[in-house]
Amino acid sequence: PEVPRYVDLLRDDYVDVLSVRPGLTDPASIKYRDESDVLAASTDPEREYVERILPDKLAVSRAYLARATLLSDLGVLVSTLVRVAR
């Protein structure tokens, strides 16, 4: 789950994401697996997160929720395992 102070910035956009129980992984976690490296390379990590990463993570999560199925959930788990194994 996201840090509450960041959720508060985009509260209205988080309604559907917050309506489901968080899982072990999700497409946004896979996409931003190197988030700490991206933020470390930024001259303003807070701004980078709030203005670029957070809205994109939210969009990825919302898109996934709109089409989530058991099969897509299994696909996310497999993708996560592949990324972790690399």
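Our subject is the structure listed above.
Cut-off values and rules
- Residues numbered from 1 in each chain as written.
- Predicted model: local features only at pLDDT ≥ 70, side-chain atom pairs only at ≥ 80, totals over all residues.
- Heavy atoms only, no water.
- Helix = DSSP H or I, 4+ residues; strand = E, 2+ residues; numbered from the N terminus.
- Expected span 1.5 Å × (residues − 1).
- Buried < 20%, exposed > 50% of the residue type's maximum accessible area, 1.4 Å probe, protein only.
- Arc of directions from axis to C-beta.
- Contact = heavy atoms within 4.5 Å.
- Core = buried A, V, L, I, M, F, W, Y, C linked by side-chain atoms within 4.5 Å.
- Patch = residues over 30% accessible without salt bridge, like charges linked within 9 Å, V, L, I, M, F, W, Y side chains within 5 Å.
- Areas by Shrake-Rupley, 256 points an atom, 1.4 Å probe, with all protein chains shown as cover.
- Salt bridge = Lys/Arg side-chain N within 4 Å of Asp/Glu carboxyl O.
- 1 Å grid on protein atoms, 1.4 Å probe; cavity = no way out; pocket = protein on both sides within 12 Å on 5 of 7 lines; lining within 4 Å.
- Points joined across faces, edges and corners; volume = space filled by probe spheres on them.

Caption draft 1: How the structure looks around helix H6 (residues 70-85). End to end, H6 covers 23 Å across 16 residues, agreeing with the expected 22 Å (1.5 Å per residue, within 8%). All of the buried residues along H6 are Ser72, Val76 and Thr80. What you see down the axis of H6 is that its buried residues fit within an arc of 85°, all on one side. Residues of H6 that are exposed and point more than 90 degrees away from the buried face comprise Leu70, Leu71, Leu81 and Ala85. The secondary structure elements touched by the buried residues of H6 are helix H3 (27-31) and helix H5 (45-67).

Caption draft 2: View of the nonpolar core. Tyr6, Val7, Tyr14, Val17, Tyr32, Leu39, Tyr49, Ile53, Leu54 and Leu58 together form the largest nonpolar core, which totals 10 residues. Among the elements of the structure, helix H1 (4-9) and H5 are those that each provide at least two residues to this core. With 4 residues, H5 is the single largest residue contributor to this core. If we skip the residues at most four places from it in the chain, Tyr14 touches Glu2, Tyr6, Val7, Leu54 and Leu58.

Caption draft 3: A look at a nonpolar patch on the surface. Taken together, the side chains of Leu24, Leu70, Leu71, Leu74 and Leu77 make up a nonpolar region of the molecular surface, amounting to roughly 600 Å² of accessible area. Its place among the elements puts Leu24 in the loop between helix H2 (15-18) and H3.

Caption draft 4: Structural detail: the layout of surface pockets. Estimated volume of the largest pocket: approximately 860 Å³. Lining of the largest pocket is provided by 30 residues; of these, Pro22, Gly23, Thr25, Asp26 and Ser61 occupy positions nearest its centre. Taken together, the elements giving at least two residues each to the lining of the largest pocket come down to H2, H3, H5 and H6. Top element by residues in the lining of the largest pocket is H5. It accounts for 7 residues.

Caption draft 5: Examining the pattern of salt bridges more closely. On inspection of all chains with the given rule, the structure shows 9 salt bridges. Lys31 serves as the salt-bridge partner of Asp56, at 2.6 Å between the closest nitrogen and oxygen. Here Asp56, found in helix H5, pairs with Lys31, found in helix H3; they are 25 residues apart in sequence, far enough to count as distant. By relative accessible area, which is 22% here, Asp56 ends up partly exposed.

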